[in-house]
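Report on the structure
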Amino acid sequence: MSTTDDVLWGLPDPETQPEFYDHVAMKRAFAWMIDAGLIFALTLLIALLTFGIGFFVFVPLWLVMDFLYRMISVSNRSATPGMRLMAIELRTGRGERFDVPTAFFHVIGYYITMMTVVLQVLSIAMLFSTARRQGLTDMFLGTAAINRFAQS
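Residues numbered from 1 in each chain as written. Predicted model: local features only at pLDDT ≥ 70, side-chain atom pairs only at ≥ 80, totals over all residues. Heavy atoms only, no water.

What follows is about the packing of helix α2 (residues 24-49) against helix α3 (residues 58-77). Viewed as axis vectors pointing N to C, α2 and α3 meet at an angle of 125 degrees, and their least axial separation amounts to 9 Å. One way to sum up the angle between α2 and α3 is to call them oblique. As α2 runs across α3, the sense of the crossing is right-handed. Facing α2, whose interface residues are W32, D35, L38, I39, F40, L42, T43, L44, I46 and A47, α3 presents F58, L61, W62, M65, D66, Y69 and R70. Class assignment for the residues of the contact of α2 with α3 results in 13 nonpolar, 1 polar and 3 charged. (Axes fitted to C-alpha atoms, helices over the stretch in contact; angles between N-to-C directions. Helix = DSSP H or I, 4+ residues; strand = E, 2+ residues; numbered from the N terminus. Parallel < 35°, antiparallel > 145°, perpendicular 65-115°, else oblique. Left-handed = near helix turned anticlockwise from the far one by under 90°. Contact = heavy atoms within 4.5 Å. Nonpolar A, V, L, I, M, F, W, Y, C, P; charged D, E, K, R; others polar.)

Below, the structure is given as structure tokens:
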């Protein structure tokens with residue numbers, strides 16, 4: 001057994017249980033779009049509720065809202081609202097839902113990956129080419145997104 005398999009012993013095996021990973025890469029893409037729209041709408045609402053003052057700091061406000069949205073939703077339910085809508089959730093290498101530290105490191109990894117086009121492309125390529133449909137952050141943390149309906 002390889003080192004990677006040792007870290008991921010609690011996740012479903014993609015060879016014997018492929019239904020856990022079917023279409024996960026595309027579902028993550030759609031979930032990201034849904035979440036991006038919701039985050040933008042929340043940020044816009046807050047900017048409006050501040051009588052327009054929020055528009056002067058819209059980008060920092062958006063970054064704070066994005067971080068809080070992802071951190072709170074992933075640490076509470078192991079999935080963002082977009083992921084829940086797409087019937088996927090994140091799991092640790094032990095097959096458990098995310099706790100607060102894991103959610104924090106996953107969100108920070110997401111931001112690091114989003115910093116450069118090269119890391120984004122690499123992560124997206126990994127989502128479509130790895131057996132467990134793991135992106136760069138997932139590979140680093142030993143986590144994966146799985147189909148929620150496929151759970152036993």
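Membership of the largest hydrophobic core is limited to 12 residues, which are V24, A31, M71, V74, A79, M83, M86, I88, L90, F98, A103 and A145. Counting residues per element, the ones that place at least two in this core are α2, α3 and β1 (88-91). Beyond its immediate chain neighbours, meaning those up to four positions away, A31 contacts G82, M83 and M86. With 5 residues, the next largest nonpolar core counts F20, Y21, A144 and I146 among its residues. (Core = buried A, V, L, I, M, F, W, Y, C linked by side-chain atoms within 4.5 Å. Buried < 20%, exposed > 50% of the residue type's maximum accessible area, 1.4 Å probe, protein only.)

Before going further, it helps to examine the pairing of β1. Of the two faces of β1, the one carrying I88 and L90 and the one carrying E89 and R91 are both buried. The pairing of β1 with strand β2 (residues 144-147) spans 4 bridges and is antiparallel. Note on β2: the bridge partner recorded for R91 is A144. (Pairing = 2+ DSSP bridges.)

A few words now on unusual backbone geometry. Within the chain, F51 stands out as a residue other than glycine whose phi angle is a positive 60 degrees. In this structure, F51 sits in the loop between α2 and α3. For S78, which is not a glycine, the phi torsion comes out positive at approximately 60 degrees. As for its placement among the helices and strands, S78 is situated in the loop between α3 and α4 (81-85). Of the residues examined, S78 reaches a relative accessible area of 1% and is grouped as buried.

For the pair helix α5 (residues 100-114) and helix α6 (residues 117-129), interaxial distance at closest approach is 6 Å and the crossing angle is 120 degrees. Along the contact surface, α5 presents I112, T113 and M114, while α6 presents L119, Q120 and S123. Looking at the contact of α5 with α6 residue by residue, the classes come out as 3 nonpolar, 3 polar and no charged.

We now examine a nonpolar patch on the surface. Among the surface-exposed residues, M26, F30, W32, M33, M114, I124 and F128 lie close enough to one another that they form a single nonpolar patch of about 670 Å² accessible area. When residues of the nonpolar patch are traced back to their parent elements, those giving at least two are α2 and α6. Counting residues per element, the nonpolar patch draws most heavily on α2, at 4 residues. Within the secondary structure, W32 is located in helix α2. (Patch = residues over 30% accessible without salt bridge, like charges linked within 9 Å, V, L, I, M, F, W, Y side chains within 5 Å. Areas by Shrake-Rupley, 256 points an atom, 1.4 Å probe, with all protein chains shown as cover. Salt bridge = Lys/Arg side-chain N within 4 Å of Asp/Glu carboxyl O.)

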